[in-house]
Amino acid sequence: MDFSQVLAEKTDTIVDKWILAVRKDRRIESADDLSYTAVKDHVPDVLKAMVTVLSKSQDNDIQSIVTASFQHGAIRAEQGFDPAEIAREYHLLRTVIFDALQADLLGGTPVEIIRSIRLIDAIIDEAIARCFKSYVEERLRELQQLQASLTLHNEELTQLISANQEYLSQLAHELKHPLTSIIGYSDLFLRQQRRKPDIKEKYTNLEHIERVLRNGRQLLHLINDVLELSRYEAGQIKIQLTPTDVRELIDNVCQMLEPLAAGKNLQIVVDCDRAPEKLITDSFQLQQIVTNLISNAIRYTESGTIITICQVLDNQRWAIAVSDTGVGIAPENQAQIFEPYFRVSSSDRPYLPDSTGLGLAIVSRLVKLLQGQINLVSQVGVGSTFTAIFPLEVEF
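The notes below deal with the structure included here.

What counts and how
- Residues numbered from 1 in each chain as written.
- Predicted model: local features only at pLDDT ≥ 70, side-chain atom pairs only at ≥ 80, totals over all residues.
- Heavy atoms only, no water.
- Helix = DSSP H or I, 4+ residues; strand = E, 2+ residues; numbered from the N terminus.
- Buried < 20%, exposed > 50% of the residue type's maximum accessible area, 1.4 Å probe, protein only.
- Contact = heavy atoms within 4.5 Å.
- Areas by Shrake-Rupley, 256 points an atom, 1.4 Å probe, with all protein chains shown as cover.
- Salt bridge = Lys/Arg side-chain N within 4 Å of Asp/Glu carboxyl O.

Looking only at helices and strands, one finds 13 helices and seven strands in the protein. Burial statistics for the protein: of 396 residues in total, 45% are counted as buried. When contacts within the protein are restricted to residue pairs at least 6 apart in sequence, long-range pairs at least 24 apart make up 72% of them. When the accessible surface of the protein is split by element, carbon and sulfur atoms take 52% of a total near 20900 Å².

Applying the stated criterion to the full structure yields 14 salt bridges. One salt bridge in this structure joins Asp104 and Lys10, with 2.9 Å as the shortest N-O distance. Placement of Asp104 in helix H6 (residues 83–106) and of Lys10 in the loop between helix H1 (3–9) and helix H2 (11–24) is noted, with a sequence separation of 94 residues between them. The class for Asp104 is partly exposed, based on a relative accessible area of 22%. The exposure class of Lys10 is partly exposed, given its relative accessible area of 28%. When the shortest N-O distance is used, the salt bridge between Glu137 and Lys133 registers 2.6 Å. Taken as a pair, Glu137 and Lys133 lie in helix H7 (residues 110–163) at a separation of four residues, close to a single helical turn. Among the ionic contacts, a cluster of salt bridges with common partners joins Asp25, Arg27 and Arg88.

So, in structure tokens, the structure goes:
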């Protein structure tokens, strides 16, 4: 019996059932917000090549499996999958294939059944190996880019520390932990690679890479915030006035931050019905303000809603207000909330490890740069509302 023909006829059904299984599997959370096409990716190409390998009359198209699996791994890295999720989705693919072919396999001879099972297992094992190879390469590429960015920032950071000795001890403390992790796990990873680890050690190596990247991103975020604040204090930020569609700008920021909110099951609500028409302002700095306010609201909110309202106040002013249902800020801390490196904490709720204490400091300075002012209304346990008020016409 030619099981390749059976597989070819059932390919679409297998893909549909596999995607459904991936979406239902709670161990593959990264697929929750992906479209049907994004989850499907290159898996149909793997199945198509599998048909040729099972066939006794067609030439084996093993190269298509290699190519499709390699591309699949790179895309899964971009989509934020972790190694366990990739292994899980291939396990589900194997299960769905055998479920679909079970009745037909039972109709074959023992030799035919054993041959087909071995070939399918071998193909999926090869697909997993190639997928992981490209996944690792994509992560290493990102690590190299991160290293290049950190290197470029090194000289400016050194100058910043020399010019701002009062912040040196605070900055050193913030840099210590992520740098220690980066150095430690990088060294461990390199030593393991020199020993030429076998396939069983791939998961461990991938976990090390993920930790390096996570701490590297945190460090880069901190450095970027420090440099942004330093540029403002040194008067190096120059306003570039351009026509700006405020509604579109806010929508773009919310779309960019939607995955961050979705990861905490938070709802983002935008009300721009009374927003001003196109303004002449610095769109880049305004985007920085909106991004920092909304991301800060998400960071300090565990449940509920993030509401962004933009409206014209009168014939001279307009405002953006970002409200959350987060932890809130005590009255005694509200006067300091816009100071550099200040972070709200308490005995039962220490400050978040990914917070630099610079986001709101940067916001307040950029608002001032755009000739505006920012206000805060907050209540502990209820939430906070930050309102930035700007003139309709920026004067220079």
